[in-house]
Amino acid sequence: MFAYIVRRLVLMLVTLFGISVVIFVLLRIVPGNIVDILFDAAGYVDPSDKANLERELGLDQPIVIQYLHWIGGLLRGDLGYSYVSEKPALDEILPRIPITARLAGLALLFSASIGIPLGVISAVRQGTRLDYALRVVSLSGLSLPSFWLGLLILMASVALFGTMPIFNPNPKSFGEACAIYGVPALAVGFRSAALVMRITRSSMLEILRQDYIRTARAKGASEASVNYYHALKNAILPVITVIGIEAAFLVGGLIVTETVFNIPGVARFLVEALRWRDYPIVQNLVMLIAVVVVAANFTVDMLYAAFDPRIRYTD
Amino acid sequence: MRSVQALAAAGLCLLAASSLAFAAEKQGGILRIYHRDSPGSASIHEEATYSTNVPFMPVFNNLVVYKQDVAQNSLDSIVPDLAESWAWSGDGKTLSFKLRQGVKWHDGKPFTSNDVKCTFDMLMGKSAQKFRKNPRKSWYDQVVDVTTNGDFEVAFNLKRPQLALLALLASGYSPIYPCHVSPAEMRTHPIGTGPFKFVEFKANESIKLARNPDYWKKGLPHLDGIEFTIIPNRSTAILAFVAGKFDMTFPTEVSIPLLKDVKAQAPNAVCVVEPINVSTNIIINASAPPFDSPDIRGALALALDRPAFVSILSEGQADVGGTMLPAPAGIWGMPKEMLETIPGYGPDVNANREQARKLMQKAGYGPDKHLAVKVSTRNIPVYRDPAVILIDQLKSIYIDGELDVVETANWFSKVARKDYALGLNLTGNSVDDPDQAFYENYSCQSERNYTNYCNPDIEKLFDQQSQETDIAKRKKLVWEIDKKLQEDVARPIIFHARTGTCWQPYVKGITVMSNSSYNGYRYEDAWLDK
């Protein structure tokens, strides 16, 4: 087990190194840099002014030097300066992480707390009206784009209540705080819950046909005990995988929700930084997302062992 | 005697009414406005978008400024700001200002003539400290230097008379910067003398300003502060305004179709539609085939059905004109009768196109041999949408256009290296003055003359109108120049857009400028009737 963990950790480092190279190269392959964009915004092109600014930002240096400069800084905890705001990149990124983390965490909580029980119910009641109704709901959750759902929620809020849950860094009440995170999280969590529900249902259906379930029933175990203790415990593995993937996706994939609900989180900031080709922000944010994805995968693998004693990571 | 008494009574009534109006202006409250995007920086001098002017103009003062409660900017609406008065020398080559005394920067340091000199030296590229970008350097091409006489007098010495200098100085783009603050600091934490102090600028999130209690205009501003929440998503922003989360929309950002939605959902909202002095136009690469042919350029100008653009894109709410914004909002635009004599502006579109087809046939094209061209434009709806209509209209004269959508980051580089045949472009004029529009867009040496149109004869006329002090004579010259520019197909103007601004009924003291969208955001007179 220890050797496996060490091997996985080394692999994680190699993966992150590869990602850093890919991010760095891809960003510079995209036509136009921050200087082009700054001058575009100013509506003129002056070659000497542009050259001066490129020199000031270090963009005139060879790409390898620029890469080493960035990685060196990253290892020292120096993420550089945002080209646009001219503030330390860390100061720009750090305040946005809790916002996105809160939103993603709530969305995951919704998806797990709604998706898993409904998946179990749907499987246990297979072929009933309830099962069909839940499957229709889950299908709609998968097919409705979250930006559409988000806008619909906002429009309905304005029409019905005359207000809307738009982001406010200093909410006046607990209710407002709940609304500004809870409503967007519901919009995102609806899709995730649908996915989790479908995975839980299919996994449960497979498990419920196993011999040991019949044995448990024959031994007089209650229906709830059979479904939630004996069956769900074994059906949960693929669900954990999906939740892990969703967790990783949500860190960078909330762009639409953050835009519609005007939440100043990581994803919207990343897209805005990309628009400006603000390399220090984009590179570091993508690296952060990569770290989260890799860490989430690692955690999921470790959870496998915890949930299923049959799985042992040996050499 | 009776008439004197009546006059006195009327005067008293007026006085009472004005004092009542003054008493009605309530102090306090935060004006909440949504902002359309995150500005590149807080430094007005380094940016060329009103995304910067709107939130940061309240931080500053100019030497002179367009009167903030008069919608139409003109030489007559210019009032003193940091200058108490101004005077032209007899030969029109020196513009001197007497400065206000006792004015303090937001950090407590005193304002002096040295700050004015520093600002303009930097704009002219003459100081050790440099702006990272200096997009309006050419505005001061005629200024030899700025000299001070003591702490409270300053003079602009010109190469030749230029009446328009005063108009340029009154623009929202001409704030006075403090000498003791570096350009880098001004980009992130601007210090001004204006009615509001800078508090915070969180990129992509918000901009906050607070009342300057030591503002040199006693009793102003009325508001405790202004908060801009950055909401790039237009639907969310409009919904939030309708829901009462904001007191005002971002100025001149509500399109005509959206305006209908706002009025339907918030019938009490006050909405104003005004021209923004931004023209939608065509840039032509006349230095390479096929548009090096005057016949094809002429045909292009004749093919345009301007009313169709106006009707489709803005439900009839736009103005057809030349380079200068047409009346009534514009001051220098050609009269309608003159405009209609220019090829392509006549009301009979079919006759114009028949003429265009003949020119195309003369150039070797016809029903069996179409000319294929790429129509390049930026990947933004206000650019893309008219480009699509243009392509459709060009079909009528044997031109098969293909839309070439260019990412914003690459647009100016592409245009600068002449890597285009035909482009759909938008040109904003920050000041309704011919000097700004002509020199910037059509002068042989201008960095913003994207088409490289260069006509020495017209260049002479530019200078002639610029030096003309008689407004009526200058206007005639301007019309002559504008007509010639359109006849030369230098940069065919399709239309001048109009857009809307809305605010809640309790917001008072807001005036939307009618011939520029860059100059009316001081907000010192704004107040909330709550």
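Each value, and the rule that gives it
- Residues numbered from 1 in each chain as written.
- Chains lettered and ligands numbered in written order.
- Predicted model: local features only at pLDDT ≥ 70, side-chain atom pairs only at ≥ 80, totals over all residues.
- Helix = DSSP H or I, 4+ residues; strand = E, 2+ residues; numbered from the N terminus.
- Buried ≥ 20, exposed ≤ 12 C-beta atoms within 10 Å, placed from the backbone.
- Contact = placed C-beta atoms within 7 Å.
- Nonpolar A, V, L, I, M, F, W, Y, C, P; charged D, E, K, R; others polar.
- Core = buried A, V, L, I, M, F, W, Y, C linked by C-beta atoms within 7 Å.
- Expected span 1.5 Å × (residues − 1).
- Pairing = 2+ DSSP bridges.
- Axes fitted to C-alpha atoms, helices over the stretch in contact; angles between N-to-C directions.
- pLDDT = per-residue confidence, 0-100.
- Parallel < 35°, antiparallel > 145°, perpendicular 65-115°, else oblique.
- Left-handed = near helix turned anticlockwise from the far one by under 90°.

Visitor: Describe the overall build of chain B, and please don't skip the residues or the numbers.
Guide: Secondary structure summary: chain B contains 16 helices and 18 strands in total. A total of 530 residues make up chain B; the buried ones form 52% of that total. Restricting the contact set of chain B to residue pairs at least 6 apart, pairs at least 24 apart contribute 71%.

Visitor: So what about the interface of chain B and chain A? Which residues, and what values?
Guide: Between chain B and chain A, the residue contacts involve 34 residues of the former and 36 residues of the latter. Residue assignment for the side of chain B that touches chain A shows that the elements contributing at least two residues are helix 5 (183-188), helix 6 (234-242) and helix 13 (408-416) of chain B. With 7 residues, helix 13 of chain B is the single largest residue contributor to the side of chain B that touches chain A. Among the residues forming the side of chain B that touches chain A, the class breakdown is 14 nonpolar, 11 polar and 9 charged.

Visitor: Talk me through the nonpolar core; I want residue IDs and the actual numbers.
Guide: Core analysis: the largest hydrophobic core is formed by 232 residues, its most contacted members being Leu103(A), Ala107(A), Val196(A), Leu285(A), Ala240(B) and Ala299(B). Discounting chain neighbours no more than four positions away, the residues touching Ala240(B) are Met164(A), Ile166(A), Tyr34(B), Ile231(B), Lys245(B) and Phe246(B).

Visitor: Explain the environment of Gly321(B) to me, using residue names and the numbers behind them.
Guide: Residue and element names in this part refer to chain B. Tracing the sequence through the fold places Gly-321 in the loop between strand 12 (318-319) and helix 10 (336-339). Taking C-alpha positions, Gly-321 is 8.1 Å from Lys-336, a pair spaced 15 residues apart along the chain. Setting aside anything within four residues of it in sequence, one finds Gly-321 in contact with Pro-326, Gly-330, Gly-333, Met-334, Leu-339, Ile-493 and His-496.

Visitor: An account of helix 16 (residues 471-487) of chain B is needed here, citing residue identities and associated values.
Guide: Residue and element names in this part refer to chain B. Its 17 residues give helix 16 an end-to-end C-alpha distance of 24 Å, which sits within 8% of 24 Å, the value for a rise of 1.5 Å per residue. Among all positions in helix 16, only Val-478, Trp-479, Ile-481, Asp-482, Leu-485 and Gln-486 are buried. Of the surrounding elements, those touching the buried residues of helix 16 are helix 10, helix 14 (434-442) and helix 15 (456-467). Val-489 lies just past helix 16 and shows a positive phi near 50°.

Visitor: Residues and numbers for the pairing of strand 7 (residues 153-158) of chain B, please.
Guide: Residue and element names in this part refer to chain B. Here strand 5 (residues 94-99) pairs with strand 7 via 5 bridges, running antiparallel. The residue of strand 7 that forms the bridge with Phe-97 is Val-154. Pairing geometry for strand 6 (residues 143-148) and strand 7, over 5 bridges, is antiparallel. Bridge pairing in strand 7 places Val-146 opposite Phe-156. The turn joining strand 6 and strand 7, which pair antiparallel and follow one another in sequence, is formed by 4 residues; a positive phi near 75° is taken by Gly-150.

Visitor: Which residues make up the sheet that holds strand 4 (residues 83-88) of chain B, and what values go with them?
Guide: All names here are of chain B. With antiparallel pairing, the 4 strands of this open sheet are ordered in space as 4-5-7-6. For this open sheet the edge positions go to strand 4 and strand 6, each flanked by a neighbour on one side alone. Recorded for the sheet is a direction-independent mean angle of 15° between the axes of neighbouring strands. Packing against the sheet, helix 3 (residues 113-123) makes contact with strand 5, strand 6 and strand 7, and its axis sits at approximately 160° to strand 6.

Visitor: Which residues make up the sheet that holds strand 13 (residues 371-378) of chain B, and what values go with them?
Guide: Residues and elements named next belong to chain B. An order of 12-16-11-15-13-14 is seen for the 6 strands of this open sheet, with the pairing classed as mixed. Since the sheet does not close on itself, it has two edges, and those belong to strand 12 and strand 14 (399-406), each with one partner. Two elements, strand 12 and strand 16 (residues 493-503), share 2 bridges in a ladder whose sense is antiparallel. In the sheet register, Asp-319 faces strand 16, and the bridge partner there is His-496. In the packing of helix 12 (residues 381-394) onto the sheet, contacts are made with strand 11 (270-284), strand 13, strand 14, strand 15 (422-428) and strand 16, and the angle to strand 14 comes to roughly 165°.

Visitor: Now, about the confidence of the model for chain B: what can you tell me, with residues and values included?
Guide: Residue and element names in this part refer to chain B. Per-residue confidence for chain B gives a mean pLDDT of 93; residues scoring 70 or more make up 95%. Every residue in residues 12-22 scores below 50 in pLDDT, and together they form 0 contacts with partners more than four places removed in sequence or on other chains. Across the whole predicted complex the pTM is 0.88, and at the interface the ipTM reaches 0.83.

Visitor: For unusual backbone geometry, give the residues involved together with the corresponding values.
Guide: What is expected of a backbone is that most residues other than glycine have negative phi and most peptide bonds are trans. Residues and elements named next belong to chain B. Leu-220 connects to Pro-221 through a cis peptide bond whose omega is -5°. Among the structural elements, Pro-221 can be located in the loop between strand 9 (206-211) and strand 10 (225-230). For Asn-204, which is not a glycine, the phi torsion comes out positive at approximately 65°. For Asn-204, the location among the structural elements is in the loop between strand 8 (196-202) and strand 9. In the Ramachandran plot, Val-489 falls in the positive-phi region, its phi being about 50° despite a non-glycine side chain. You can see Val-489 is positioned in the loop between helix 16 and strand 16.

Visitor: So what's going on with the packing of helix 15 of chain B against helix 16 of chain B? Which residues, and what values?
Guide: Residues and elements named next belong to chain B. Two numbers describe how helix 15 lies on helix 16: the axes approach to 9 Å, and their chain directions differ by 155°. The angle between helix 15 and helix 16 places the two elements in the roughly antiparallel class. Crossing of helix 15 against helix 16: the hand is left-handed. Between helix 15, through Ile-458, Leu-461, Phe-462, Gln-464 and Gln-465, and helix 16, the contact on the second element is made entirely by Arg-474, Leu-477, Val-478, Glu-480, Ile-481, Lys-484 and Leu-485.

Visitor: Which residues make up the environment of Pro257(B), and what values go with them?
Guide: Mapped onto the elements of the fold, Pro257(B) is located in helix 7 (residues 256-265). Pro257(B) sits in the exposed class, given 11 other C-beta atoms within 10 Å.

Visitor: Describe the pairing of strand 10 of chain B, with residues and values.
Guide: All names here are of chain B. Across the 6 residues that make up strand 10, a large majority, 5, are buried. As paired strands, strand 1 (residues 30-35) and strand 10 are joined by 6 bridges and run parallel to one another. Counted as the bridge partner of Ile-33 is Phe-228 from strand 10. As judged from the 5 bridges shared by strand 9 and strand 10, these two strands associate in the antiparallel manner. Across the sheet, Ala-210 pairs through a bridge with Gly-225, a residue of strand 10.

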